[in-house]
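Secondary and tertiary structure notes
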Amino acid sequence: MTIYRATVLDTPQSPFDGARLRTGTDIGLRVLEGVITLRDSYAAVAREYPDEQVIDLTDGILLPGFVDTHVHFPQLRVIGALGMPLLDWLDRAALPEELRMADDDQAAAVAGGFLRGLREAGTTTALVFGSHFASAMDVFFTHARASRIRIISGLVVSDRILPDGLLTTPERAYEQSVELAKRWHGVGRLHYAVTPRFSLSAGEEMLAACGKVMQDVPGLYFTSHVNENKREVEEVEELFGGLDYTSTYDAHGLLGPRSVLAHDVHPKDAELALMASRGSSVAHCPTSNAALGSGLFPLKRHVEHGVSVALGSDVGAGSGYCLLKEGLQAYFMQQLLGDAGLPLTAAHLLYLATRAGALSLDLGDRVGDLSVGREFDAVWIRPAHGDPLDMGIEHAKDSDDVLAKIFALGTTDDVAGVWVGGEHLSQTSVG
Ligand SMILES: [Zn+2]
């Protein structure tokens, strides 16, 4: 049993429903077998358990661990390929690198760097777009299990348009997906996600095969891309005889409460209504949308339709693993949208980076805030003494101001400790 002493900021209730940031100044969290069993003032917790080990995190701010709902493991080495729209970027940056995952040694090197990137960013849960190669997925899941981070991922499948080396058949996709799901779903903190790359590269038969995997192995997740780029949307509609992009997935039973669609920059109202009716979520990836010039995310329309939205870094189109940066960019985007934007507070940004992600991944009863009953997934933000963030926090007028400064100035350098289920992941010394 361990008691963590800290100032804790979290968002157990949604700011989109009017809730405020929850501030716990100098509180004690008693953690037993990875689960928070008591949350009270530190003085009260210490009085009740005077002999327990105390980890002192008062020199900094403790937040719930970040939840990244869209990030590609094979794209670590193509981060920073700027200056191209989506389809050119795929052809020239992403897909050539994804072909290299056919080599298990390459996949292992990239998987190690990728998981390190998540850990250093304070990401404790991630829905990860995998590789097109089943052997690379075994390599990735092996590394992911050892990392102790909560990882949901799966084999990426496609049967048209992409380079030949990335294509498969619906039959082979079904077989390999079921095999991988049976081997890894529910092992440690791992889960499996059925993952057609996008409807542009997955025809009716491939999407039907994906639907059959979901039917035959209960409890799996589903993830893919939707409505990212206008040219892509037009091509999908043409390939599916005018069907809207979201319906191409829904037609095969792929949308439910464990389904996360990345981007959705250009949705029709009917698609938002459909997603809401299925309880599916959208992964908003602000730096990716900006880098590829995909567009300004219509967050207000999602909220008005009741579609839940969380954050994704979308590495490698996104520009890094840090969800503080994604939160800040999400804020910028809504400002740039003017009247169509939804003005965001720091509490909204924290919610999008933590609790909303947990809910969108059907993990809301386990993680996403630091309440009693949740597993202790946490990130300790402790800037170097005297640096601008440290001085900003010291002189902040209230806890919302502290949090705004963390989103404005915080980087992975300020992540001084990361825990998943009470296990300490970071190399940095604690307390
Ligand atoms: Zn993506």
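In what follows, the accompanying structure is described. (Residues numbered from 1 in each chain as written. Predicted model: local features only at pLDDT ≥ 70, side-chain atom pairs only at ≥ 80, totals over all residues. Heavy atoms only, no water.)

1. Description of a negative patch on the surface
On the surface, a cluster of negative charge is contributed by Glu-171, Glu-175, Glu-179, Glu-204 and Glu-205. Of all the elements in the fold, those that place two or more residues in the negative patch are helix H5 (170–184) and helix H6 (204–216). The dominant element in the negative patch, judged by the number of residues it contributes, is H5, at three residues. When you line up the elements, Glu-205 lands in helix H6. (Patch = residues over 30% accessible without salt bridge, like charges linked within 9 Å, V, L, I, M, F, W, Y side chains within 5 Å. Areas by Shrake-Rupley, 256 points an atom, 1.4 Å probe, with all protein chains shown as cover. Salt bridge = Lys/Arg side-chain N within 4 Å of Asp/Glu carboxyl O. Lys, Arg positive; Asp, Glu negative; His and termini not counted. Charge placed at Lys NZ, Arg CZ, Asp CG, Glu CD. Helix = DSSP H or I, 4+ residues; strand = E, 2+ residues; numbered from the N terminus.)

2. Focus on the packing of aromatic side chains
Following the criterion strictly, the structure yields 14 aromatic pairs and no others. Relative to Phe-140, the ring of Phe-73 has its centre 4.4 Å away and its plane inclined at 15 degrees; by these criteria the two rings are stacked. Highlighted residues: Phe-73 in the loop between strand S6 (66–72) and helix H2 (86–99) and Phe-140 in helix H4 (residues 134–147), separated in sequence by 67 residues. Take Phe-73 and Phe-140: they sit in the same class, and that class is buried. Look at Phe-376 and Trp-419: their rings are 5.8 Å apart centre to centre, the planes differ by 55 degrees, and that puts the pair in the tilted class. Taken as a pair, Phe-376 in the loop between helix H14 (355–360) and strand S15 (378–381) and Trp-419 in strand S16 (residues 415–420) lie far apart in primary sequence, 43 residues in all. Taken together, the ring pairs in this structure connect Phe-73, Phe-114, Phe-140, Phe-141, Trp-184, Tyr-192 and Tyr-321 into an aromatic cluster. (Phe/Tyr/Trp six-rings, centres within 6.5 Å; stacked < 30°, edge-to-face > 60°. Buried < 20%, exposed > 50% of the residue type's maximum accessible area, 1.4 Å probe, protein only.)

3. Here we look at the nonpolar core
Among the nonpolar cores identified, the biggest contains 106 residues, and Leu-63, Phe-73, Trp-89, Phe-114, Phe-140, Ile-151 and Tyr-249 are the most heavily contacted of them. The residues touching Ile-151, leaving out its near neighbours within four places in the chain, are Leu-115, Leu-118, Ala-126, Val-128, Phe-140, Ala-144, Arg-189, Leu-190 and His-191. The next biggest cluster of nonpolar side chains, apart from the first, holds 16 residues, and it includes Leu-29, Val-31, Ile-36 and Phe-376. (Core = buried A, V, L, I, M, F, W, Y, C linked by side-chain atoms within 4.5 Å. Contact = heavy atoms within 4.5 Å.)

4. What to know about empty space enclosed by the protein
One pass over the structure, following the stated rule, counts two cavities of 30 Å³ or more. There is about 100 Å³ of room inside the largest cavity. Around the largest cavity, the lining is made up of 13 residues, and of these Leu-86, Trp-89, Leu-90, His-225 and Glu-228 lie nearest the centre. With three residues, H2 is the largest single contributor of residues to the lining of the largest cavity. For the lining of the largest cavity, a count of residues per class yields six nonpolar, four polar and three charged. Of the voids in this model, the second largest cavity is the one considered here, and its volume is about 40 Å³. Lining the second largest cavity, in full, are Leu-155, Val-157, Ala-173, Tyr-174, Ser-177, Val-194, Thr-195, Ala-209, Cys-210 and Val-213. Elements with a minimum of two residues in the lining of the second largest cavity: H5, strand S10 (190–196) and H6. Looking at the lining of the second largest cavity residue by residue, the class counts come to eight nonpolar, two polar and no charged. (1 Å grid on protein atoms, 1.4 Å probe; cavity = no way out; pocket = protein on both sides within 12 Å on 5 of 7 lines; lining within 4 Å. Points joined across faces, edges and corners; volume = space filled by probe spheres on them. Nonpolar A, V, L, I, M, F, W, Y, C, P; charged D, E, K, R; others polar.)

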